[in-house]
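Examining the three-dimensional arrangement
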Amino acid sequence: MSKIEEALEKARARESTRSQNSTLEPGMQLRAVPDMDEHDFEAHVAAGKQIARMNEPWQHSRKELAESGVIYPGMEDIRVANAFRELRTKILQTTRGKNCSILVTSTSKSAGCSFVARNLAVAFSFDESKTALLVDCNLANPSHHELIPPDITLGLTDYLRSDDLNIEQIIHPAGIQRLRLIPVGGRLDITAEYFTSLKMKRLLKNIKERYMDRYVIVDAPPIMHSPDARILAEVCDYAILVVPYGKATEAQVLKASRDIGAHKLIGIVFNNEPQMPSISWLRKMMGGLNQVASKKSRSSRPSEGKS
Amino acid sequence: MQINLEQFLRVLAGETFKYRNLAVGIFIFINLFAVIVGLMWPKTYTSSSTVFVEEKNIIQPLMQGAAVATTVTDRTRIAKEIIFGRKIMNQVIEDAGWLQNGLTGIEKEKLIDALKSRTTILSVGNNLIKIEYKDEDPARAFKTAQKYTELFISESLGTQTQEGQAAFEFIDSQVKEYHEKLSSAEQQLKEFRSVNVDARPGTEAEVAGRINALQATIEKTSLAIKEARIKQGSLEKQLSGEAEVAVTATREGQYIMRIGELQSQLDTLRLTYLDTYPDIVRIKHQIEDIQENIAQEKRKREAGREMAKSGGQVVVDESTRMNPLYQQLKQQLFETKTEIETLTTRLAETNQLLRVETGRARRIHAGEASLAELTRDYEVNRDIYHDLLKRRENARVSRNLNRDKQGLTLRVHEPAFLPLQPSGARFMYFVIGGLLLGFIAPPALIYGLQKADPRIRYSLLISDRLNLPVLAEVPHLMTPGEMATISRSARMHLIFIFTTLGFVLAISFFRLVGVM
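Residues numbered from 1 in each chain as written. Chains lettered and ligands numbered in written order. Predicted model: local features only at pLDDT ≥ 70, side-chain atom pairs only at ≥ 80, totals over all residues.

Turning our attention to the overall build of chain B. Regarding its fold elements, chain B presents 14 helices and 7 strands. Within the span of chain B, comprising 516 residues, buried residues form 19% of the whole. Across chain B, contacts joining residues at least 24 apart in sequence account for 85% of those joining residues at least 6 apart. (Helix = DSSP H or I, 4+ residues; strand = E, 2+ residues; numbered from the N terminus. Buried ≥ 20, exposed ≤ 12 C-beta atoms within 10 Å, placed from the backbone. Contact = placed C-beta atoms within 7 Å.)

Below you can see the structure in the form of structure tokens.
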């Protein structure tokens, strides 16, 4: 990195911190992505064809998805899936259909930030005309690598540390249609400054612009506990803040939203609302009970017969 | 921020589900606790009686105004005072079989307090007093309630009669006292009257009138005297200027006058004629003749005087006579003098009378003050006495009314009964209460905790208060493992809940049948 680049970076960082420190002024608007023009439309069509040709070497079973807390079409409790679909729609409304990189961060640890990021990516990939790329930037608590086989280890940190790796080498199919993943990688000793490096920026630019319909979801650590999220917010187009149910106070939410900055923050995702199990699930459970009862009666009868 | 009911219930239900272990635990605990308390709770029997306070009766309208019927304002309070009084409480303890031998003062005190706490006296409707007593032993409850009622009625009727009697006696004594006072006042008045005869109403005015009249008389008399004196003075002056005797012209006098005339003629003639002139000579002769006649006249008079002196007769001179004016004045003077004397005498007499009257008036004034005082005493005493007399008659009637139990009457409207069923908090109440509370308490508890916790539970809070857009509310996603755990624990919970309900129902059934 040249000295000129470093100076530029510093200046930008200063500017951005200033804007973060300032309160959410009403006049501040989200930075808009330019509208699609005719050329874009054609590009989209081309991209659609490209997507159709995407080869999926393997796929997770529904059971596996359910166990890893991933939504899938046709799941029993559709409330969660619907919530993410709604979230996706709202984001698309904001970006006016243009692809972008979205930072997902939270107010505190164990807020379900990774859960939201992963499922948001999955929700994007539900749409056959869109692909999603999930980038795991949560160095302290990486979780998304569990979606891919354990023998695949190359990830973001490896890419940032070494100059030999290609971008293609760190993007892996995640076992879900139209979803790609950049795992955190094996070299977790890197500092947050790597996120502001030119390489990181170039990476994000690259992966975003490689396909017109690829949405990049960046899973960041909680904004309150590490500077990583703030640094990452600078390089992403937008950010959403995950607020866990019953865990964050108003002041915390307000501070987190200010830290992100009004020009980046699309909005809040209120996560992990406790609720009664769905009626269909209850019915199933009661059916299970009946089955248990009938099994018992069935198992008791033959024994009687035997005696 | 307006959280709607649907959202509130959703969050509450969700959270209750989240803490379902705790909720089921609380449910089971509350139910078991309620059942145990219900079983342990002592059975109480309540016996009550109602006393009717008859206020209106036939007598009252008849006696309106004459007698004051005893009214019981705030009867319940009075009933409480009477029943909780030491007298009745002691008697109840004795009669209802509470008092055991060897009870110390403090124990007895405690016993009375316990009895009081189990006794309720309340007014049911306008004229009904309900006396209620609770006890673990139905027979004792009945007996005590009965005793309370009996004693209360007899005591309050007794009190009324006593009250009436006491009132009558008091008024009677007052009447007597005032009678004495009145008599003594009358006596004093009589004595005073006998001493001061003048002292009667109106005397003062009369005396004053008389004094005025006397004073007028005195003034008039003095004026008259003055007038008479002036008259006397002027009469005396006139008298001194008047001669007593008037002199009349006599013959002698006429002769002398003739001589004088003749002499003057002679003197005139002598101027022109000689003495020898015939007229002169004739005149000289005439004078001589007249002188002769005078001498003759003198001799005759002397002779008459001599004769009168010898005969002892007053000689009335022919030439003198009495003056008539003088006589008249003299007479008037005499009259005036007499008048003055009369008037002076009258004045003295009037003055005497005035003195007497003034003395009397003074005496009357002195008497009047003491008379007024005595009269006032008398009148005040008389009024009070009359009033008291009337009151005594009222009191007599009232007393008789009470004595014949015609005034405020108390009668047992509903006598105490022997309670067959235990009252108060029954076992079923505990069971039902436990069930309800078991269901309500967990969400209520969670609601309370939510209220106390400042952390955000409603997404509406973020959008409304913090003005941040909420993109989505993501419900908790249950993994298959979690679901399995839930369904397992849910089965367990259902088993626990139904076991508890079964247990509670079984115990209630046994209780109802009477086994427990």
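What follows is about the overall build of chain A. Scanning chain A from terminus to terminus reveals 11 helices and 7 strands. For chain A, the proportion of its 307 residues judged to be buried stands at 37%. Taking as baseline every contact in chain A between residues at least 6 positions apart, the subset at least 24 positions apart corresponds to 82%.

A few words now on the interface of chain B and chain A. On the side of chain A, 38 residues touch chain B, which itself brings 33 residues to the contact. Where the side of chain B that touches chain A is concerned, the elements lending two or more residues are helix H1 (5-18), helix H13 (459-465), strand E7 (470-475) and helix H14 (480-513) of chain B. By residue class, the composition of the side of chain B that touches chain A is 19 nonpolar, 6 polar and 8 charged. Pairing of strand E7 (residues 265-273) of chain A with E7 of chain B involves 5 bridges; the strand directions are parallel. Across the sheet, the residue bridging to Val-269 of chain A is Ala-472 of chain B, located in E7 of chain B. (Nonpolar A, V, L, I, M, F, W, Y, C, P; charged D, E, K, R; others polar. Pairing = 2+ DSSP bridges.)

Let us now look at the environment of Leu-189 of chain B. Its location among the elements puts Leu-189 of chain B in helix H7 (residues 138-195). Beyond its immediate chain neighbours, meaning those up to four positions away, Leu-189 of chain B contacts Leu-374, Thr-375 and Tyr-378 of chain B.

With that out of the way, let us pick up the packing of helix H5 (residues 86-95) of chain B against H7 of chain B. Residues and elements named next belong to chain B. Direction vectors running N to C along H5 and H7 enclose 140 degrees, while the axes themselves pass 10 Å from each other. With respect to H7, the element H5 is oriented oblique. Classified by chirality, the crossing of H7 by H5 is right-handed. Note on element contacts: H7 touches H5 through Thr-144, Lys-147, Tyr-148, Leu-151, Phe-152 and Glu-155, opposite Ile-88, Gln-91, Val-92 and Asp-95. (Axes fitted to C-alpha atoms, helices over the stretch in contact; angles between N-to-C directions. Parallel < 35°, antiparallel > 145°, perpendicular 65-115°, else oblique. Left-handed = near helix turned anticlockwise from the far one by under 90°.)

One finds Ile-102, Val-104, Ile-217, Val-218 and Ala-239 of chain A to be the most contacted residues of the largest nonpolar core, which totals 72 residues. Counting residues per element, this core draws most heavily on helix H5 (residues 113-126) of chain A, at 9 residues. If near-sequence neighbours (up to four positions away) are discounted, Ile-217 of chain A is found in contact with Ile-102, Val-104, Ala-117, Leu-120, Ala-121, Ala-132, Leu-134 and Val-135 of chain A. Judged by nonpolar contacts, the second largest core, of 18 residues, contains Tyr-45, Val-53, Ile-83 and Phe-142 of chain B. (Core = buried A, V, L, I, M, F, W, Y, C linked by C-beta atoms within 7 Å.)

Looking now at unusual backbone geometry. Residue and element names in this part refer to chain A. Although it is not a glycine, Arg-96 adopts a positive phi angle of roughly 55 degrees. Of note, Arg-96 is situated in the loop between helix H4 (78-95) and strand E1 (101-106). Of note in this structure, Arg-178 is not a glycine but carries a positive phi near 65 degrees. Structurally, Arg-178 can be placed in the loop between strand E3 (172-173) and strand E4 (179-182).

A sheet is described by the order of its strands in space; here 8 strands give the open sequence E3(A)-E4(A)-E2(A)-E5(A)-E1(A)-E6(A)-E7(A)-E7(B), paired in mixed fashion. This sheet does not close on itself; its edge strands, each paired only once, are E3 of chain A together with E7 of chain B. Where E3 of chain A and E4 of chain A come together, 2 bridges link them in antiparallel fashion. Each residue of the ladder has a partner; that of His-172 of chain A, found in E4 of chain A, is Leu-181 of chain A. Where H4 of chain A meets the sheet, its contacts fall on E1 and E7 of chain A together with E7 of chain B, and the angle it forms with E7 of chain B comes to roughly 165 degrees.

What follows concerns the pairing of strand E2 (residues 119-124) of chain B. The side chains of a regular strand alternate, residue by residue, between the two faces of the sheet. Residue and element names in this part refer to chain B. Across 6 bridges, E2 lies against strand E3 (residues 128-135) in antiparallel orientation. Of the residues in E3, the one forming a bridge with Ile-121 is Ile-131. Where E2 folds back on E3, the antiparallel hairpin that results is connected by 3 residues, among which Gly-125 adopts a positive phi of roughly 75 degrees.

Bridge analysis of strand E1 (residues 45-54) of chain B against E3 of chain B gives 8 bridges, and the strand direction is antiparallel. Note on E3 of chain B: the bridge partner recorded for Tyr-45 of chain B is Asp-135 of chain B.

Take the packing of helix H9 (residues 251-270) of chain B against helix H10 (residues 278-311) of chain B next. Residues and elements named next belong to chain B. Where H9 meets H10, the axes come as close as 10 Å, and the angle between the chain directions of the two elements is 165 degrees. If you check the angle between H9 and H10, you find them roughly antiparallel. Handedness of the crossing formed by H9 with H10: left-handed. Facing H9, whose interface residues are Arg-251, Glu-252, Tyr-255, Ile-256, Arg-258, Ile-259, Leu-262, Gln-263, Gln-265, Leu-266, Leu-269 and Arg-270, H10 presents Asp-279, Ile-280, Ile-283, Gln-286, Ile-287, Ile-290, Gln-291, Asn-293, Ile-294 and Glu-297. For the contact of H9 with H10, the per-class residue count stands at 11 nonpolar, 5 polar and 6 charged.

It is worth spelling out the environment of Thr-249 of chain A at this point. Examined against the element boundaries, Thr-249 of chain A turns out to sit in the loop between strand E6 (238-244) and helix H10 (250-260). With 13 C-beta atoms counted inside 10 Å, the residue Thr-249 of chain A sits in the partly exposed group. Sequence separation of Thr-249 of chain A and Thr-107 of chain A is 142 residues, and the distance between their C-alpha atoms is 9.6 Å. With residues up to four places along the chain from it excluded, the contact list for Thr-249 of chain A reads Pro-454, Arg-455 and Ile-456 of chain B.

Now for the confidence of the model for chain A. Scored by pLDDT, chain A comes out at a mean of 80, with 77% of its residues at no less than 70. Here residues 299-307 of chain A is modelled with pLDDT under 50, and outside its nearest four sequence neighbours on either side it reaches 0 contacts, counting other chains as well. (pLDDT = per-residue confidence, 0-100.)

Attention shifts here to the environment of Ala-132 of chain A. Residues and elements named next belong to chain A. Turning to its location among the elements, Ala-132 is positioned in strand E2 (residues 131-136). On the neighbour-count criterion, Ala-132 (27 C-beta atoms within 10 Å) is buried. Distance from Ala-132 to Lys-208, taken between C-alpha atoms, is 9.6 Å for residues 76 residues apart in sequence. Those residues in contact with Ala-132, other than ones at most four positions away along the chain, are Ala-121, Phe-124, Ser-125, Arg-178, Leu-179, Arg-214, Tyr-215 and Ile-217.

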